[in-house]
Amino acid sequence: MSVITRTVTRVVFPLILLTALALLFQGHNLPGGGFIAGVLTVAAFALVYIVNGLDYLQEDLLGRTGDDVEGGPAIVADFLNVFAGGLAIAAGGGVVAILLGQPFLSQAVLFVHDLPIFHELELASAFVFDLGVYLVVIGGLLTILTVVGDE
Amino acid sequence: MSLVALPSAIAEASTTGQLGTGAATLAQATADPAGVALFAALALPFLGALVTPLVYRALGERTAWFAALVAFASFGLVASQFGTTGSVSIEWIPTLGVSLSLYLDGLSLLISLLASGVGVLVFVYSAGYMHGEPGQARYYGTLLAFMGSMLGVALAADLIALFVFWELTSITSFGLIGHYRESESSLYAARKSMLITVSGGLFMLVGFVLLAFVSGDALGSTTFTLIGTPDSMIANADAMRTALESAGLFVPVLVLVAIGAAAKSAQVPLHVWLPNAMEAPTPVSAFLHSATMVKAGVYLIGRMRPLLVGDEWMLLLGTLGLVTMTVTALLAVGASDIKELLAYSTASHLGLITAGFGFANQLGAETGAFHILNHALFKATLFLVAGIIAHEAGTRAISELGGLRHDLPITGIITAIAALGMAGVPPFNGFYSKELLFESAYEVAHELGGLAWLFPAVAVFGSVFTFLYSIRFLWLFMGEKPAGLGEVHRPSLALLAPPVVLAGLAMIVGIDPQLAVDTIVQSAFGSAVAGEAHTMSIHLPTELTPAVAMSAITILSGIALSPFYDRLRDGVRRLTHGPLSADWYYDKAVYGLERASGLALPRIQTGQFRTYAAWMLGVTSLLALAGYLAAGISVPAFSDLSITAPVVIVLLVAIVGAAAVTRAPSHIAGVLTLSVLGFMVALFYVLSSAPDLALTQLVVETLVLVIFLLVLDRLPAFYGDADRGKVARDAVLAGGVGLTVTISVLVATAGSPDAIARFFVERAPVPAEHGSILADFGGGSNIVNVILVDFRAFDTMGEISVVAMAALGVLTLVAMRGRGESS
């Protein structure tokens, strides 16, 4: 790949990640949410992957060394952990609702008043679930991408 | 046929016969059964089955005693509820109104006591019989689960639970019949019984669903509850019948339920699985053929009788039962193996019970209820005796056996009691129920005249052969010992005690039938009668009645024919070759299907993605379209269509992109033109004020493009030339799929579920006034996201699980490819 693409990727990559995070956080009130943010994050990684190759993504960017796992490169093991963790967060948040005597996956909103700068902050328990969605999408799609790309 | 003209007024008219007299109604027991006892009786065998592998590790072959103890506990728990009637239920999913209800009355008590009581004896017997056999942990576990399923069938109060336990008996008996896994014939037998009984059960399920469907009209609300509550089907039998008839569903429901019962109870022509089922270890055969499995079918007939009895019922089940009774009695005469003889005789006696329940008079119900008890007692005894003979003499071939009374004197006595009962000789137990059958058949013929006289005639004809094979079985102990028969050992106590107990009970019923009637048969009979049941009175006949004459004809003809037994046997064997043999139609159907699917396979599963896609999409579209057609859904007219210039432009570009995909000369061009289509759709979302959808579409489109680029160099560079036929076929397929999707979208959006939409619009955002914690509302102004993570979070949970599974699936497939597990 040319120097131009590589340089542009360098600049764009953090911007995409930042956009994705913004989408994740604003999802409750503005367009966005865990799924879109997740897919956008994967797109950022895919860009690095295509421009710089798998080794760069795996070793330089994510600092992963070690032997390949069965069916794919070593990094896949981390991706598996990411989506397993995401599923656990999403389901765990639902279980908390049960512990509080509500049906599985009930969500609530907490308003915190009198904060500096924000004045009033809305904390939604749904964000925990959305975070789970975000992680599952990242882990799952990156696993597919890496395994298929490695073939 | 003139039979159909039976005036329904006499259908359940109380009849005065010699054996059954009086119209006084027995005072019904009104106490409710204790729920704990019933649920524990049902749960114990399953729990026992679960821990059996562990118990086997500790106890080894003594697991039999553990299983016998579990069965005995179940027996005791059921017996402790003796005399109670009513239903008990525990809530399962209260919000959906789903609960597990059990119902206990005379009939279910009789079947449960037989299943658990004979179960105890079978486990004790197994302790002696299965000594040194392989797979004992599996054997005892499956047998316990089987017994539990049978208890479930007997106790279930609603149709769904009944069906589930019904199919559980089929599945567990599959394991039991196929116990000897190395033997080809044993596996064949297991598959056969499974195929026939499970598919029969599916017919029954359709019948049940129709019943529930009709119950909505008859009872005001749709219910699956068969019995036990004031708004159950049987409690409102008249309303149900009227609704069934006005819907034109009476005969279909009757036939469907009868197919299920006939498959289970081995009625002609579905009897073919029963003789093969003797491949199972003998204790299992004794259990399957006497107190369980086959009794499930006649139990269902008895249970449904108050709901469905009438002219059609009698025509169908009376005929079915008598034909089965006669045909299988003939086949039993042709048998060469003692277990084969007993297996066919089982089918024959189930035919007798079916015919009894089939006759639309009270004597018929008496026949069915009483013979269920009698048959269980003598048939379990005889199978256990057959096991002793096979175990101690080393052969089951009838021609090689004889004179066993010298070596097995006690076994000889119990065989005499059981075989004479089976033959219907007074004063043994089978005589009384057979008299009831004759009496009820005569009653029907007398009322109807004409062709109905065939009923008593066939009943007598079939009974002659019953007498013949029963005496033949007894003759194994008479005469001289054949030279080829080696030393016959004495059976151990574990082998001998169970049949002695059973024969003792059979003897008691024979000597004092009224005792058995008062104890349990009367109440079982009452469960099978619509309306008031009269009091049964059973004793030895003291004067000549038609039924007594019929019994006399049966026994005398049997004695007269017995010198010609060998010639009869050879005649039956000659007849049952080729297309007339029992297995002919079954084998042809099964192997024919196997060949047909072998032929279809290369067309459907080519290993090429495009073939799978073509079949999947084509079949899905066809089914969806057929569904719309069957439901009579018309394409709704759409109004309020506002098309603006930007939308037209965007959609035009999308169409151009779509058309270009089909003309693309290379993969790169194809992928890029496909992206044009995708991005245009995203723009369309933007124009339709759906920013979330647009964002998602854009991001996904980008990602798909990237993935395509990754795999592009793995694909052949050129599509190749497709011939015109293939192109035309693909065009038709694509058009069909497009049409299906269009119609689906139109139909789905025409429903415009305003109530749901309004709910979301009202509940998603933060309300004007609120406290610091907000639980009832979504609390977010992005309604799409609030729906995804709050209102429909469970759906999203499922979707992210799918993403995770897809990733794992890709990983597994790629990992497996290296191992050469897929060709």
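Residues numbered from 1 in each chain as written. Chains lettered and ligands numbered in written order. Predicted model: local features only at pLDDT ≥ 70, side-chain atom pairs only at ≥ 80, totals over all residues. Heavy atoms only, no water.

Before going further, it helps to examine the overall build of chain A. Counting its regular elements, chain A contains five helices and two strands. In chain A, the succession of helices and strands from N to C terminus is α-α-α-α-β-β-α. Across the 151 residues in chain A, those meeting the buried criterion constitute 40%. A separation of at least 24 residues holds for 55% of the contacts in chain A among residues at least 6 apart in sequence. Within the structure as shown, chain A displays about 7,300 Å² of accessible surface, and the carbon and sulfur contribution to it stands at 68%. (Helix = DSSP H or I, 4+ residues; strand = E, 2+ residues; numbered from the N terminus. Buried < 20%, exposed > 50% of the residue type's maximum accessible area, 1.4 Å probe, protein only. Contact = heavy atoms within 4.5 Å. Areas by Shrake-Rupley, 256 points an atom, 1.4 Å probe, with all protein chains shown as cover.)

Of note, B:Pro134 is situated in the loop between α3 (106-129) and α4 (136-155). When the C-alpha atoms of B:Pro134 and B:His179 are compared, they prove to be 9.0 Å apart, with 45 residues separating the residues in sequence.

Our next topic: the domain arrangement of chain B. Under the domain assignment, chain B is made up of domain 1 (2-10 + 28-580), domain 2 (608-778) and domain 3 (792-823). Each of domain 1 of chain B and domain 3 of chain B has a C-alpha centre, and the two are 48 Å apart. (Domains from an automatic or database assignment.)

Aromatic rings in a pair are described by how distant their centres are and how their planes are angled relative to each other. Residues and elements named next belong to chain B. Applying the stated criterion across every chain, the model contains 18 aromatic pairs over all chains. On the numbers, 5.0 Å between centres and 80° between planes, the contact of Tyr-139 with Tyr-140 is edge-to-face. Through pairs of rings, three or more aromatic residues link up here, namely Phe-123, Tyr-139 and Tyr-140. (Phe/Tyr/Trp six-rings, centres within 6.5 Å; stacked < 30°, edge-to-face > 60°.)

In this section: the packing of α3(B) against helix α11 (residues 294-308) of chain B. Residue and element names in this part refer to chain B. At a minimum axis separation of 11 Å, α3 and α11 run at an interaxial angle of 170°. Taken together, the axes of α3 and α11 are roughly antiparallel relative to one another. For the pair α3 and α11, the contacting residues are Leu-107, Ser-108 and Ile-111 in the first and Lys-295, Tyr-299, Gly-302 and Arg-303 in the second. Residue classes in the contact of α3 with α11 are distributed as three nonpolar, two polar and two charged. (Axes fitted to C-alpha atoms, helices over the stretch in contact; angles between N-to-C directions. Parallel < 35°, antiparallel > 145°, perpendicular 65-115°, else oblique. Nonpolar A, V, L, I, M, F, W, Y, C, P; charged D, E, K, R; others polar.)

Moving on to a nonpolar patch on the surface. Together, A:Phe35, B:Leu674, B:Val700, B:Val704 and B:Phe708 give the surface a local cluster of nonpolar side chains, amounting to about 340 Å² of exposed area. Per element, the largest residue contribution to the nonpolar patch is three residues, and it comes from helix α26 (residues 691-712) of chain B. Relative to the elements of secondary structure, B:Leu674 occurs in helix α25 (residues 667-687). A residue is classified by how much of its surface remains accessible, and B:Leu674, at 36% relative accessible area, is partly exposed. (Patch = residues over 30% accessible without salt bridge, like charges linked within 9 Å, V, L, I, M, F, W, Y side chains within 5 Å. Salt bridge = Lys/Arg side-chain N within 4 Å of Asp/Glu carboxyl O.)

Here the focus is the UniProt feature "transmembrane region" (unreviewed entry) in chain A. Residue and element names in this part refer to chain A. Under the UniProt annotation, the feature "transmembrane region" (unreviewed entry) is placed at residues 7-27, 33-54, 75-104 and 124-148. Counted over residues 33-54, helix gives 91% and strand 0%. Its end C-alpha atoms are 28 Å apart. Between the first and last C-alpha atoms of residues 124-148 the distance is 37 Å; the span itself is 92% helix and 4% strand. (UniProt positions renumbered as here; feature names shortened; annotations may be inferred.)

Taken residue by residue, the interface counts 46 residues in chain B and 49 residues in chain A. Buried area between chain B and chain A, both sides added, is near 4,000 Å², and the carbon and sulfur share of it is 76%. The tally of links between chain B and chain A comes to eight residue pairs in polar contact (both at pLDDT 80 or more). Considering each element in turn, the side of chain B that touches chain A owes the most residues, 16 residues, to helix α30 (residues 793-817) of chain B. Classifying every residue of the side of chain B that touches chain A gives 29 nonpolar, twelve polar and five charged. Bridge count between strand β1 (residues 109-115) of chain A and strand β3 (residues 773-774) of chain B: two bridges; the pairing is antiparallel. Bridged to A:Leu110 within β3(B) is B:Ile773. (Buried area = accessible area lost by both parts, 1.4 Å probe. Polar contact = N/O pair within 3.5 Å; in protein donor to acceptor, adjacent residues only side chain to side chain. Pairing = 2+ DSSP bridges.)

Between its first and last C-alpha atoms helix α1 (residues 3-26) of chain A spans 35 Å; for 24 residues at 1.5 Å apiece the expected length is 34 Å, and the two agree. By the burial criterion, the buried members of α1(A) are A:Thr9, A:Phe13, A:Ile16, A:Ala20, A:Leu23 and A:Leu24. Where the residues of α1(A) are buried, they touch α2 (34-52), α3 (54-61) and α5 (126-150) of chain A together with α26 of chain B. (Expected span 1.5 Å × (residues − 1).)

Moving on: the confidence of the model for chain B. Across chain B, the average pLDDT comes to 85, with 93% of residues at or above 70. Within the model, the stretch residues 1-29 of chain B combines pLDDT values under 50 with 68 contacts to residues more than four positions away or in other chains. (pLDDT = per-residue confidence, 0-100.)

Let us look at the nonpolar core. Residues B:Phe208, B:Leu211, B:Met304, B:Leu307 and B:Phe370 are the most contacted members of the largest nonpolar core, which totals 201 residues. Sorting elements by how many residues they give to this core places helix α14 (residues 362-393) of chain B first, with 18 residues. For B:Leu211, the residues in contact, after removing those within four places along its chain, are B:Leu159, B:Met233, B:Met240, B:Leu244, B:Val253, B:Met304 and B:Leu307. Listed in part, the 48 residues of the second largest apolar core include A:Ile75, A:Val133, A:Leu145 and B:Val803. (Core = buried A, V, L, I, M, F, W, Y, C linked by side-chain atoms within 4.5 Å.)

Residues and elements named next belong to chain B. This model, assessed by the stated rule, comprises eight salt bridges over all chains. Of the charged contacts, one joins Asp-566 and Arg-569 as a salt bridge, the two residues approaching to 3.5 Å between their closest N and O atoms. In this pair, Asp-566 and Arg-569 are both assigned in helix α21 (residues 565-575), three residues apart and thus about one turn of the helix distant. In this structure Asp-566 comes out as partly exposed when scored by relative accessible area, which is 44%. Look at Arg-569 and you get buried, because its relative accessible area is 18%. Linked by salt bridges that have partners in common, Asp-566, Arg-569 and Asp-570 make up one network.

Strand order across the open sheet formed by three strands is β2(A)-β1(A)-β3(B), with antiparallel pairing between neighbours. Two strands in the sheet have a free side with no partner beyond their single neighbour: β2 (119-124) of chain A together with β3 of chain B.

In this section: the pairing of β2(A). All names here are of chain A. In the sheet, β1 pairs with β2 via five bridges, with the strands oriented antiparallel. Residue pairing for β2: Val-109 is matched across the bridge by Ala-124. Hairpin connection of β1 to β2: three residues between the antiparallel strands, including Ile-117 at a positive phi of 65°.

Before going further, it helps to spend a moment on the side chain of B:Ser215. Along the chain, B:Ser215 turns up in helix α6 (residues 184-219). Residues within four places of B:Ser215 in sequence aside, it is in contact with B:Gly220, B:Ser221, B:Thr222, B:Thr223, B:Met233 and B:Met240.

Residues and elements named next belong to chain B. The topology assignment puts Gln-522 in helix α19 (residues 513-527). The buried category is assigned to Gln-522, whose relative accessible area is 5%. Side-chain polar atoms of Gln-522 contact the backbone nitrogen of Met-536, separated by 2.7 Å.

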